[in-house]
Amino acid sequence: MELIGEITTDRPLLVLAVKEEAQFLDTGLPVLLTGIGKVNAAVTLATVLARGPRPSHIVNLGTAGALRPGWTGTHVVSTVIQHDLDTDLLYTLTGETYGAALTLNADDGPILATGDAFVADEAARELLAVRAHLVDMEGYALAAAAAQAGVPIRIVKHVSDDAGEGAVKSWRESVADCARVLADWATRHVTHQL
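Predicted, not measured: the structure shown is a model, and the values here were computed from it.

**Regarding the overall build of the protein chain**
Then, in step 1: What the protein chain contains, in helices and strands, is six helices and ten strands.
Then, in step 2: On C-alpha atoms alone, the protein chain measures out to a radius of gyration of 16 Å, which is about the 16 Å that the 2.2 N^0.38 rule sets for 194 residues.
Then, in step 3: The dimensions of the protein chain, computed from C-alpha atoms along their principal axes, are 40 × 40 × 30 Å.
Then, in step 4: Here the protein chain, with 194 residues, has 49% of them falling under the buried criterion.
Then, in step 5: In the protein chain, of all internal contacts separated by at least 6 residues, the share reaching a separation of at least 24 is 75%.

The following block contains the structure:
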């Protein structure tokens, strides 16, 4: 966990997983680096929000794999799901729903599937493509922590790879370019709205 800057109630908090994704940010806004994965993301954000002060809202910026052909560019996510939690089985066992889909404020955005596995094979991608457009490792956890704290969140993902067999190499080669695009998006859509 690394918090750069100071959180205030009148400004948003930018949240990213790793420094590679944040390397070109120059907004003057506070930046929280959570580390990779759902547990790191949830624990880090929940800790910061519990400590206070709470930001006006949260903007999660990051990279994502495309689960469907032709998906490129930057997307504001409308719904997040957990792809590695068997919600249906847990319901049959307990009668309770755990990990239900979370709807965000972007009406026509894609569905983001979050899980602790870096999706990098064709079979996994095809299975997930039935349920979502994009895949990442932190989005759902951040949305859940923000919802629990009552802080609005916007999730913005730039496609770094196709979640297929070359995804690991593709992410390494594209992360700097993705970070530039995300920094530009933050400047245009977050900083200028303050």
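**As for the side chain of D136**
Then, in step 1: Relative to the helices and strands, D136 is located in strand β9 (residues 134–136).
Then, in step 2: Judged by its relative accessible area of 4%, D136 falls in the buried class.
Then, in step 3: A polar contact of 3.3 Å, which involves the side chain of D136, links it to the backbone nitrogen of E138.
Then, in step 4: At 2.9 Å, the side chain of D136 and the side chain of K157 are in polar contact.
Then, in step 5: Sequence-distant contacts of D136, that is, excluding residues within four places in its chain, are made with T63, A64, L112, A113, T114, G115 and K157.

**So, the packing of helix α2 (residues 38–51) against helix α5 (residues 139–149)**
Then, in step 1: Following both chains from N to C, one finds α2 and α5 inclined at 25°, their axes separated by 8 Å at the closest point. In terms of orientation, α2 lies roughly parallel with respect to α5. Judged by the sense of rotation from one axis to the other, the crossing of α2 with α5 is right-handed. Of the residues in α5, those touching α2 at K38, A41, A42, L45, A46 and L49 are A141, L142, A145, A146 and A149.
Then, in step 2: Within the contact of α2 with α5, the residues separate by chemical class into ten nonpolar, no polar and one charged.

How each quantity is defined
- Residues numbered from 1 in each chain as written.
- Predicted model: local features only at pLDDT ≥ 70, side-chain atom pairs only at ≥ 80, totals over all residues.
- Heavy atoms only, no water.
- Helix = DSSP H or I, 4+ residues; strand = E, 2+ residues; numbered from the N terminus.
- Rg over C-alpha atoms; globule rule 2.2 N^0.38 Å.
- Buried < 20%, exposed > 50% of the residue type's maximum accessible area, 1.4 Å probe, protein only.
- Contact = heavy atoms within 4.5 Å.
- Polar contact = N/O pair within 3.5 Å; in protein donor to acceptor, adjacent residues only side chain to side chain.
- Axes fitted to C-alpha atoms, helices over the stretch in contact; angles between N-to-C directions.
- Parallel < 35°, antiparallel > 145°, perpendicular 65-115°, else oblique.
- Left-handed = near helix turned anticlockwise from the far one by under 90°.
- Nonpolar A, V, L, I, M, F, W, Y, C, P; charged D, E, K, R; others polar.

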